[in-house]
Amino acid sequence: MSRAHTTTGRFTVKSWDEKVIVDIDGEGTEINGVTYPKRGFSRADTTYAYSGGIEGTGTVAYLISYAPGFAPTSGFERFEGSIDGHDGSLVFQHLGDHDEQAVRATLTIVEGMGTGGLEAMTGEATVELAGHSDDGYEFTLSYDL
């Protein structure tokens, strides 16, 4: 679906608190104090900071599965701030997958959950992240208002 507007920005990870919910085989790997199951799933409570055409903070609750090859992820993010000068809040639904090389996801604005100048916004973004970046990650949102 073609959208009337497109804006870009960057986001950085301000916090990431991940805890295993299920470790099917008990063969998790610990990296920097976080356990990642070989097969299973975890919950990550995350905070993002956005800059550029998208300015503000996002608070996310992820469910992340782990399996050999690619594994699905999902989550909901409450964004508070401004998008192209429109102030308010909205909710993104994250649906994606990950493997050892990258994370891929589509973020869709959940209708009926926005406030202020973002109340009527609809749209989506696709992200693909390969590796860690201290400088943040590019983010492009296509939307209607």
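Residues numbered from 1 in each chain as written. Predicted model: local features only at pLDDT ≥ 70, side-chain atom pairs only at ≥ 80, totals over all residues. Heavy atoms only, no water.

Draft legend 1. Inspection of the side chain of H98 at higher detail. Inspection of the secondary structure puts H98 in strand β7 (residues 86–98). Among the residues examined, H98 registers a relative accessible area of 13% and is labelled buried. Not counting residues within four places of it along the chain, the set of residues in contact with H98 comprises I64, S65, Y66, G69, F70, A71, T73, V103 and R104. (Helix = DSSP H or I, 4+ residues; strand = E, 2+ residues; numbered from the N terminus. Buried < 20%, exposed > 50% of the residue type's maximum accessible area, 1.4 Å probe, protein only. Contact = heavy atoms within 4.5 Å.)

Draft legend 2. Layout of the environment of A102. Assignment of secondary structure puts A102 in the loop between β7 and β8 (103–109). On a C-alpha basis, the gap between A102 and D135 in space is 17 Å, while along the polypeptide they are 33 residues apart. Once residues lying within four places of it in the same chain are set aside, the contact partners of A102 are D97, E128, L129 and A130.

Draft legend 3. Structural context of the pairing of β7. Pairing of strand β6 (residues 71–83) with β7 involves 13 bridges; the strand directions are antiparallel. Bridging from a neighbouring strand, S82 pairs with D87 of β7. Linking β6 back to β7 in an antiparallel pair, the connection comprises two residues, with D84 at a positive phi of about 50 degrees. Here β7 folds back onto β8, and the loop between the two strands holds four residues. (Pairing = 2+ DSSP bridges.)

Draft legend 4. Just the packing of aromatic side chains, in detail. Overall, the coordinates contain 10 aromatic pairs when judged by the stated rule. For the pair Y48 and Y50, a centre-to-centre distance of 6.4 Å together with 80 degrees between the ring planes defines the contact as edge-to-face. Neither residue differs from the other here; Y48 and Y50 are each classed as buried. Seen from their ring centres, Y50 and F79 are 5.4 Å apart, and the 80 degrees between their planes marks the pair as edge-to-face. (Phe/Tyr/Trp six-rings, centres within 6.5 Å; stacked < 30°, edge-to-face > 60°.)

Draft legend 5. Local environment of the nonpolar core. Grouped together as the largest cluster of nonpolar side chains are 25 residues, with contacts concentrated most on F79, I83, L90, F92, M121, F139 and L141. Of all the elements in the fold, those that place two or more residues in this core are β4 (40–52), β5 (54–66), β6, β7, β8, β10 (122–129) and β11 (137–144). (Core = buried A, V, L, I, M, F, W, Y, C linked by side-chain atoms within 4.5 Å.)

Draft legend 6. Summary view of the pattern of salt bridges. Tallying each qualifying case throughout the model produces eight salt bridges. The partner of D17 in a salt bridge is K19, and the shortest N-O contact between them spans 2.8 Å. Assessed through its relative accessible area of 38%, D17 is described here as partly exposed. Note that D25 is salt-bridged to R39, the shortest N-O span being 2.7 Å. Placement of D25 in the loop between β1 (5–23) and β2 (29–31) and of R39 in the loop between β3 (34–36) and β4 is noted, with a sequence separation of 14 residues between them. A relative accessible area of 32% means that D25 is categorised as partly exposed. (Salt bridge = Lys/Arg side-chain N within 4 Å of Asp/Glu carboxyl O.)

Function cannot be read off these values alone, since they describe shape.
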